[in-house]
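Each chain, letter by letter, is given below.
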Amino acid sequence: VQLVESGGGLVQPGGSLRLSCAASGFLFSHYVMGWFRQAPGKDREFVSAITWTGGASDYAGSVKDRFSISRDNAKNMVYLEINNLKVEDTAVYYCVRGNRWRSSNPTDFDCWGQGTQIIVSS
């Protein structure tokens, strides 16, 4: 089982990024997929999740109007589109595999990628 994120980087406030996560080693379409993030000195924080078919998505309140999650089950990929980036979005972003829908508890996500860093700075 492997999750590999890409797409992070240094971006100015107000900018946009698209994170990608390539999944392998499991039946991708059978799992909830999501994203967490961890800022320096802080706990891991739920960002977003998407159902098995991609028919529904869930977001943390702090990102709801700026982030958009999607998935492509044919390609075993999940994406996170991030707009209007803010300094407080600076963090390492992790792609995760979930066992439950509508959960923001890290323990309900049993597989984590290595993370991709976003730094928002002018």
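Each value, and the rule that gives it
- Residues numbered from 1 in each chain as written.
- Predicted model: local features only at pLDDT ≥ 70, side-chain atom pairs only at ≥ 80, totals over all residues.
- Heavy atoms only, no water.
- Core = buried A, V, L, I, M, F, W, Y, C linked by side-chain atoms within 4.5 Å.
- Buried < 20%, exposed > 50% of the residue type's maximum accessible area, 1.4 Å probe, protein only.
- Helix = DSSP H or I, 4+ residues; strand = E, 2+ residues; numbered from the N terminus.
- Contact = heavy atoms within 4.5 Å.
- Pairing = 2+ DSSP bridges.
- Axes fitted to C-alpha atoms, helices over the stretch in contact; angles between N-to-C directions.

Draft legend 1. Examining the nonpolar core more closely. Core analysis: the largest hydrophobic core is formed by 34 residues, its most contacted members being Trp35, Val78, Leu80, Tyr93 and Ile118. If you list the elements that add at least two residues to this core, you get β3 (17–24), β4 (32–38), β5 (44–50), β7 (67–72), β8 (77–82), β9 (91–98), β10 (109–112) and β11 (116–120). Sorting elements by how many residues they give to this core places β9 first, with five residues. Those residues in contact with tyrosine 93, other than ones at most four positions away along the chain, are Glu5, Leu19, Trp35, Phe36, Arg37, Val47, Phe67, Leu80, Ile82, Gly115, Thr116 and Ile118.

Draft legend 2. Here's a closer look at the sheet that holds β7. With antiparallel pairing, the four strands of this open sheet are ordered in space as β1-β3-β8-β7. Only two strands of the sheet have a single partner each, and these edge strands are β1 (2–6) and β7. Neighbour-to-neighbour, the strand axes of this sheet turn through a mean angle of 15°, independent of strand direction. Strand direction decides the pairing type here: β3 and β8, joined by six bridges, are antiparallel. Within β8, the residue paired with leucine 19 across the bridge is leucine 80.

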